[in-house]
Amino acid sequence: MPQTAAFIGGIQKMVLYETRARYFLVGSNQAETKHRVLKIDRTEPKDLVIIDDKHVYNQQEVRELLSRLDLGNRTKMGQKGSSGLSKSVMAFGIVGFVRFLEGYYIVLITKRRVMADIGGHYIYKIEDTTMIYIPNDSVRVTHPDEARYVRIFQNVDLSSNFYFSYSYDLSHSLQCNLTLLQRPYEQWLSEASSAEDKVHTQSKQDSFDIFEEEGLPTQVVYGLRNQPYYKYVWNGKLLERVKDTVHPDWLMYIIHGFCGQSKLLIYGRPVHITLIARRSSRFAGTRFLKRGANCEGDVANEVETEQIVHDASVTSFTAGSYSSYVQVRGSVPLYWSQDISTMMPKPPIRLDQADPYAHVAGLHFDQMLQRFGSPIIILNLVKKREKRKHEKILSEDLYPAVVNLNQFLPPEHCIEYIAWDMARYTKSKLCNVLDRLNMIAENVVKRTGFFINRSDFYCHTLRPDDRWGDVGGYMTSSGRLQTGVLRTNCVDCLDRTNTAQFMVGKCALAYQLYALGMIDKPKLQFDTDCVRLFEELYEDHGDTLSLQYGGSQLVHRVKTYRKIAPWTQHSKDIMQTLSRYYSNAFSDADRQDAINLFLQVYQPSEGKAHLWELPTDFYLHQKSTLILPHDRRSYTMWWTQGILSYLPVPYDEAACEDTMKKVKVKRVNRFDESIDIYTEFYKPYELTLFDDTFSIIMSNAARELMPKYVGVDPSPFTVRKPEETGKSVLGKSNKEEAVLQRKTAASAPPPPSEEAISTTSEDDSEEDRDDEGSVSQRSTPIKLLIESGESSRTQEEIQPQQTVKEPYGLHLSELPAEKDVLIYKRFAHLGENQHMVERSERINLAKIIYLEPVSQFPEDSIYGVCPPQVDRDSREVFESHVMTGRGHVRVLCREDMLMYREYVKNRYM
């Protein structure tokens, strides 16, 4: 058992009860064994008064409490007609509290859906929410503009790509969450003791230890609760009013972006590939209304994408194997914008402010150094050559800014800049875009490395790969850390960026699978089940992020750059372009207002201009422009003090004083429910159906991508043609597809002769002839049967053999050998006599094999077989094997040594 463990949210189910004077929010854990109560006053018209009952109730106590509240709030004693306490709504979490011009509202999650499972920690997607006005109607002070603010707030669709977890911190990367648990025990001693001093006012039940009264040694675990990374939290402002007054179990932070997970079966071994995208809540908005960066270094359309690969056969962060890789996209960190008043598809780019000392770029890269470490690698995909300057303006200012910042950094931690005109290469017929991106990806992954929580396998020593030794990162005793990150950008950070990120992710995925011992070389090829599954994840990821920022799905996909997209894709691209243009021109302003109100960038108040009356939201996102800063940052020492001493490791993951203050530590028993992830995931207290479990429902490469016929290599790393996949059944006849699948299968039986298969140009005409009742020319078994004198058989009798032949790749006219037929007859006879026990005649089992019934019931068909006789030499070999497993290894004789040397020589030399 580890000495540290993350706390699990203690409130996962809620019921809101209503009286005239108060709301009572009763929350419980998943097993409904512990309950907490939150009292919300309804008599205050504009203030939020919340009382957190510190007592933890059991099920019986909370029932008694509710019955007393019901009885005490009835209008007349003994009246049964109308209850004084009524159930209002059931929920799964609190999004937050918000106020416009009247009283406060509470936003609750009423419907959720499991989207991913990482080490037993479920990630949920918000499916539905409800917004409830808190003050009673008798004290409500109405305002004419309240309803309009409510409509604007609800324009942010919380059922669209908002995610949360009760036990896993989604605002941090997997590397940050696991390194927090892997820190040495001694680092928490002083922190834990100070935390225990602060919680002395809590009830004794919170710190009860079942071993203390028995005089047994206490089995202590230090429970950790880390502060979220508020940049990627979208309800931080909505919870700000109550986070210091209520128990942390009531607080649940949500992220916005994308989450998808698929299962890869490697010869039955389940490997989960998860893609999580976190959209920044700072300087957030829509495409043309949010460009560049603000004065605090936050950029538009900033998204952190993390791909997690783990062996799902072990559900534990400590015993399992987990790997992750992180990359970032974001707008060019300069003061720039585009004027959309001209109604042009591509408004001209303009630089709003001169920044000769790269102040805003320095603030942005300072944030990245703190979170990701070094090196920071910029992949700039904007155009270099244009007839009229458009995108080139950004490159001409970004490169000098990077050069200016690098001259003050140590050489080993400098920002690396890669500029590549991806659009120009796409138009060239001589250049392969993805090959060039693959070269960039290899160099990037070798520089940054990736995270894995275990050391190298012994197979990496036996079969070393030259590329594996060049992989960067920071090596630890328990694995490897990713140091630095790739930051990709084009103008919109949508189509080109998503393809580039996919290629880098594909390269990183190969190294992750190699590090987990799943493949023998860190390289993946296109048109394999693994890459197809990964490509689908990335396309869903790109479509979702594009809809959030640009108003439409991706226009150019990976298939577009591979130049294998079907001709129908061009019409879809045109429709997506028109949809994006319409959204940018007519609906982006309303969406921007909704985002500003939801994130509380704008907070309505009396005497203040309304949100829809503001000519621009520039000053809402550029707060420091309204005041004169007292402490101006240095232009040469542009990074935060103390960062360089920990590089290349990220400052946020270093065990320093600042990061230790963000973690709350509490001493709990190792069997406490608040850290028991086994009970949280498997739920042994409730009935679970296999068909309803998430692992069965989730996307599966073997079920959705692997061909549905025999004689195929089941490996997800085998290259298959597009018509071979399990998704290619639609649009083709069964005959044509079966022939194509058999011809192109990697390990299928050899195809039949030329007279057995006609040319593909004749397939359609042959199908027509089959419908008319004539004999197909490619049905070789039918020809042979007719030549052997069986011409009297009709076409209907022969047709089943023809349909069986093609999917299985067998010639039914070729009879099996006489020896094989004899073996099959004996097998059939044995099975027939074994299972048909209701026969009237007596079966002489002694002639087949000596069997004895297991039970005394006459109708029992289960038999026990006598154990075989084992000779003495075999017994000695088995006993030696057992003793070796117990640590008693016998001395090897000379024959054993010679045999082992011969094996090593033949296998590895």
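Refer to the structure above for everything that follows.
If you're wondering where the values come from, they're calculated on a predicted model, not measured in any experiment.

It is worth spelling out the overall build of the protein at this point. Counting secondary structure elements, the protein contains 25 helices and 27 strands. For the protein, buried positions account for 48% of its 909 residues. Accessible surface for the protein amounts to roughly 47,100 Å². Of this, 53% is attributable to carbon and sulfur atoms.

Our next topic: the pattern of salt bridges. Within this structure, the stated rule accounts for 32 salt bridges. Of the charged contacts in the structure, one is a salt bridge between Glu127 and Lys125, with a shortest N-O distance of 3.2 Å. Accessibility expressed as a relative area gives 10% for Lys125, which makes it buried. The partner of Arg591 in a salt bridge is Asp588, and the shortest N-O contact between them spans 3.1 Å. Within this pair, Arg591 and its partner Asp588 are both found in helix α13 (residues 568-598), separated by 3 residues, close to a single helical turn. According to the relative accessible area criterion, Asp588 is buried, its value standing at 1%.

The buried count for helix α3 (residues 174-182) comes to 8 of 9 residues, which makes it a mostly enclosed element. Within the sequence span of α3, burial applies to Leu174, Gln175, Cys176, Asn177, Leu178, Thr179, Leu180 and Leu181.

We now examine the sheet that holds strand β2 (residues 13-18). With antiparallel pairing, the 5 strands of this open sheet are ordered in space as β5-β4-β3-β2-β6. The sheet is open, and its two edges are formed by β5 (50-57) and β6 (86-91), each paired on a single side. Averaged over all adjacent pairs, the angle separating strand axes in this sheet is 20°, with direction ignored. Here strand β3 (residues 22-28) pairs with strand β4 (residues 35-41) via 7 bridges, running antiparallel. Bridging from a neighbouring strand, Leu25 pairs with Leu38 of β4. Across the sheet, helix α1 (residues 59-72) is in contact with β2, β3, β4 and β5; its angle to β5 comes to roughly 140°.

Let us now look at the nonpolar core. Tyr325, Leu437, Phe450, Phe502, Leu509, Leu513 and Leu524 are the most contacted members of the largest nonpolar core, which totals 56 residues. Secondary structure elements with two or more residues in this core: β12 (255-266), β13 (269-279), β14 (303-311), β18 (376-380), α8 (433-448), α10 (495-515), α11 (529-550) and α12 (558-562). Looking at this core, the element that brings in the most residues is α10, giving 12 residues. When near neighbours in sequence (up to four residues on either side) are disregarded, Leu513 contacts Val271, Val309, Met518, Ile519, Leu524, Cys530 and Phe717. Tyr122, Phe153, Leu597 and Phe598 belong to the second-largest nonpolar core, a separate cluster that totals 37 residues.

It is worth spelling out the packing of α10 against α11 at this point. Orientation of α10 relative to α11, taken along the N-to-C sense of each, is 140°, at an axis distance of 10 Å. On the basis of their axis angle, the class for α10 and α11 is oblique. For the element pair α10 and α11, the recorded crossing hand is right-handed. Between α10 and α11, the contacting residues are Asn498, Gln501, Phe502, Gly505, Lys506, Leu509 and Leu513 on the first element and Cys530, Val531, Phe534, Glu535, Tyr538, His541 and Gly542 on the second. For the contact of α10 with α11, a count of residues per class yields 7 nonpolar, 5 polar and 2 charged.

If you trace the 3 strands from one edge of the open sheet to the other, you get β1-β11-β24, paired in mixed fashion. Two strands close off the open sheet at either side, each with one partner strand: β1 (4-6) and β24 (663-669). Averaged over all adjacent pairs, the angle separating strand axes in this sheet is 35°, with direction ignored. Taken together, the 3 bridges between β1 and strand β11 (residues 220-226) define a ladder with parallel strand orientation. Its bridge partner lying in β11, Ala6 is registered against Leu224.

A few words on the packing of aromatic side chains. Across all of its chains, the model carries 31 aromatic pairs by this definition. For the pair Phe153 and Phe598, a centre-to-centre distance of 5.4 Å together with 35° between the ring planes defines the contact as tilted. Placement of the pair is Phe153 in helix α2 (residues 146-154) and Phe598 in helix α13, with a sequence separation of 445 residues. Relative accessible area serves as the criterion here: at 3%, Phe153 is assigned to the buried category. Taking the centre distance of 4.8 Å and the plane angle of 85° together, the rings of Phe681 and Tyr682 count as edge-to-face. The class of Tyr682 is partly exposed, set by a relative accessible area of 40%. One aromatic cluster in this structure is built from Phe100, Tyr105, Tyr133, Tyr149, Phe153, Phe162, Trp234, Phe598 and Trp612. The positively charged end of Arg112 is found above the aromatic ring belonging to Tyr124, 4.6 Å away from the centroid.

Moving on to a nonpolar patch on the surface. Among the surface-exposed residues, Tyr458, Leu462, Tyr900, Tyr903 and Tyr908 lie close enough to one another that they form a single nonpolar patch of about 580 Å² accessible area. Elements with a minimum of two residues in the nonpolar patch: α9 (458-462) and α25 (894-908). No other element matches the 3 residues that α25 contributes to the nonpolar patch. Mapped onto the elements, Leu462 comes out in helix α9.

Pro375 follows Ser374 through a cis peptide bond whose omega is 5°. Within the element layout of this structure, Pro375 appears in the loop between α5 (359-372) and β18. Cis geometry marks the peptide bond from Leu647 to Pro648; its omega dihedral reads 10°. Considering the arrangement of structural elements, one finds Pro648 in the loop between α14 (618-621) and α15 (657-661). With a phi angle near 55°, Ala358 is a residue other than glycine that sits in the positive phi range. Within the secondary structure, Ala358 is located in the loop between β17 (349-351) and α5. Non-glycine residue Gln600 carries a positive phi angle of around 60°.

Here helix α24 (residues 872-885) spans 20 Å end to end across 14 residues, near enough to the 20 Å set by a 1.5 Å rise per residue. Directly after α24, the chain includes Gly887, whose backbone phi takes a positive value near 100°.

What follows concerns the environment of Ile418. Turning to its location among the elements, Ile418 is positioned in strand β19 (residues 416-419). Of the residues examined, Ile418 reaches a relative accessible area of 26% and is grouped as partly exposed. Leaving out residues up to four positions away in the same chain, Ile418 has contacts with Ile377, Ile378, Leu379, Asn380 and Ile440.

Tracing the sequence through the fold places Asp465 in the loop between α9 and β21 (474-476). A polar contact is formed between the side chain of Asp465 and the backbone nitrogen of Arg467, at a distance of 2.9 Å. If sequence neighbours within four positions are ignored, Asp465 has contacts with Tyr514, Lys521 and Pro522.

Let us now look at the pairing of strand β15 (residues 322-329). The buried fraction of β15 is high, at 8 of 8 residues. Neither face of β15 is left uncovered, since the one carrying Tyr322, Ser324, Val326 and Val328 and the one carrying Ser323, Tyr325, Gln327 and Arg329 both have all their residues buried. Where β15 meets strand β20 (residues 451-452), 2 bridges bridge the pair, whose relative direction is antiparallel. In the strand pairing of β20, Ser324 is matched with Phe451. By the bridge criterion, 3 bridges tie β15 to strand β23 (residues 485-489) in an arrangement that is parallel. If you follow Val328 over to β23, its bridge partner there is Arg487.

Rules behind the numbers
- Residues numbered from 1 in each chain as written.
- Predicted model: local features only at pLDDT ≥ 70, side-chain atom pairs only at ≥ 80, totals over all residues.
- Heavy atoms only, no water.
- Helix = DSSP H or I, 4+ residues; strand = E, 2+ residues; numbered from the N terminus.
- Buried < 20%, exposed > 50% of the residue type's maximum accessible area, 1.4 Å probe, protein only.
- Areas by Shrake-Rupley, 256 points an atom, 1.4 Å probe, with all protein chains shown as cover.
- Salt bridge = Lys/Arg side-chain N within 4 Å of Asp/Glu carboxyl O.
- Pairing = 2+ DSSP bridges.
- Axes fitted to C-alpha atoms, helices over the stretch in contact; angles between N-to-C directions.
- Contact = heavy atoms within 4.5 Å.
- Core = buried A, V, L, I, M, F, W, Y, C linked by side-chain atoms within 4.5 Å.
- Parallel < 35°, antiparallel > 145°, perpendicular 65-115°, else oblique.
- Left-handed = near helix turned anticlockwise from the far one by under 90°.
- Nonpolar A, V, L, I, M, F, W, Y, C, P; charged D, E, K, R; others polar.
- Phe/Tyr/Trp six-rings, centres within 6.5 Å; stacked < 30°, edge-to-face > 60°.
- Lys NZ or Arg CZ within 6 Å of the ring centre and 35° of its normal.
- Patch = residues over 30% accessible without salt bridge, like charges linked within 9 Å, V, L, I, M, F, W, Y side chains within 5 Å.
- Expected span 1.5 Å × (residues − 1).
- Polar contact = N/O pair within 3.5 Å; in protein donor to acceptor, adjacent residues only side chain to side chain.

By themselves, these figures tell us nothing about what the structure is for.
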